[in-house]
Every structure is written in C-alpha cells, then in structure tokens.
Amino acid sequence: MLTNVFSNWVADVLAGLTLLALGFLGRWLRRRTTASAWDDAIASPADRSGFRVYTLLGARAADGQPVHLPSSKPAGTVVTWTGPAGRERFELTDHRLPDDTYGAEPVALYRP
C-alpha cells in the first residue's frame, strides 16, 4: 500500500514540476518578445505610435545644447517654448532630421 501511495505522489510531483517549468518557459519567452519590441521602439523614437521627438531649430538650451521636445501633437501645430532668450513659437513639421527626430521651425521667421 505504501508503494502505491509513493508512486502516485511521485507522478503528481513530476506533473506539477512539468507545469511549473512550462510556466516559467512561457513567461521567459513572453518577456523576451516584449523586450525585443520595446528595444525596437527605443531605437526609433520617431516611429512610436503617436509620439514624436522634435528638435527646435535655431533654439538652444542654457547649456548650449539643441532643444528636444517630445510631443504627441500632429504636424502643423504651433507650440511655445520658453528658453533663455524668452518665449519663442515653433511649428511642428513632418520633416525628419538626421538624428531621427522631427524638425520644429520657428514661426517668427515666416510669420509676423
């Protein structure tokens, strides 16, 4: 009788360990796929769904670096940026720059 209980217990434990291993394997595969998709999105920030990074052309931050503005607004929208030189208006465009961001042109150059 003890042999019968022991053999049933071993089968249950092995089945449980198999299910546990399959669960960990499935989770690992899902994380790996999700991480790969996330890495692809990071590699191309301008292609994220509805989210773009714009470079404000002609604007510099206080440390002299170009200004990058993340936005979900569509091209053609006019945004205001307050920098060291004061308030400036920029129009968001669809033109992609070499650093994989989009350009935002100053409005004051083209409109009064």
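Scroll up a little and you will see the structure.
Values in this document were obtained by computation on a predicted structure and should not be read as measured data. (Residues numbered from 1 in each chain as written. Predicted model: local features only at pLDDT ≥ 70, side-chain atom pairs only at ≥ 80, totals over all residues. Heavy atoms only, no water.)

Caption draft 1: Expanded view of the pattern of salt bridges. Counted by the stated rule, this structure contains two salt bridges. With a closest N to O distance of 2.6 Å, Asp 94 and Arg 52 form a salt bridge. Taken as a pair, Asp 94 in strand β4 (residues 86-96) and Arg 52 in strand β1 (residues 52-60) lie far apart in primary sequence, 42 residues in all. Among the residues examined, Arg 52 registers a relative accessible area of 23% and is labelled partly exposed. (Salt bridge = Lys/Arg side-chain N within 4 Å of Asp/Glu carboxyl O. Helix = DSSP H or I, 4+ residues; strand = E, 2+ residues; numbered from the N terminus. Buried < 20%, exposed > 50% of the residue type's maximum accessible area, 1.4 Å probe, protein only.)

Caption draft 2: Structural context of the side chain of Ser 71. Looking at the secondary structure, you find Ser 71 in strand β2 (residues 66-71). Ser 71 sits in the buried class, given a relative accessible area of 9%.

Caption draft 3: A nonpolar patch on the surface, seen in detail. On the surface, a cluster of nonpolar side chains totalling about 630 Å² of accessible area is made up of Trp 9, Val 13, Leu 14, Leu 17, Leu 20 and Phe 24. By the secondary structure assignment, Leu 20 is in helix α1 (residues 2-43). (Patch = residues over 30% accessible without salt bridge, like charges linked within 9 Å, V, L, I, M, F, W, Y side chains within 5 Å. Areas by Shrake-Rupley, 256 points an atom, 1.4 Å probe, with all protein chains shown as cover.)

Caption draft 4: Fine view of the nonpolar core. Tyr 54, Leu 56, Ala 59, Val 67, Val 79, Trp 81, Phe 90, Leu 92, Tyr 102 and Ala 104 together form the largest nonpolar core, which totals ten residues. For this core, the element with the highest residue contribution is β1, accounting for three residues. Each residue touching Tyr 54, except ones within four places of it in the same chain, is listed here: Val 67, His 68, Leu 69, Ser 71, Lys 73, Pro 74, Ala 75, Leu 92, Thr 93, Tyr 102, Gly 103 and Ala 104. (Core = buried A, V, L, I, M, F, W, Y, C linked by side-chain atoms within 4.5 Å. Contact = heavy atoms within 4.5 Å.)

Caption draft 5: Representation of the packing of aromatic side chains. Counted by the stated rule, this structure contains one aromatic pair. With a centroid separation of 6.1 Å and an interplanar angle of 50°, the aromatic rings of Tyr 54 and Tyr 102 are classed as tilted. In this pair, Tyr 54 is assigned in strand β1 and Tyr 102 in strand β5 (residues 102-106), connecting sequence segments 48 residues apart. As far as burial versus exposure is concerned, Tyr 54 and Tyr 102 are alike and both buried. (Phe/Tyr/Trp six-rings, centres within 6.5 Å; stacked < 30°, edge-to-face > 60°.)

Caption draft 6: Broad picture of the pairing of β1. Sheet analysis places β1 next to β2, joined by six bridges and oriented antiparallel. Bridge assignment links Thr 55 to a residue of β2, and that residue is His 68. Sheet topology places β1 next to β5; three bridges connect them, and they run parallel. Bridge pairing in β5 links Thr 55 to Gly 103. (Pairing = 2+ DSSP bridges.)

Geometric values such as these leave the question of function open.
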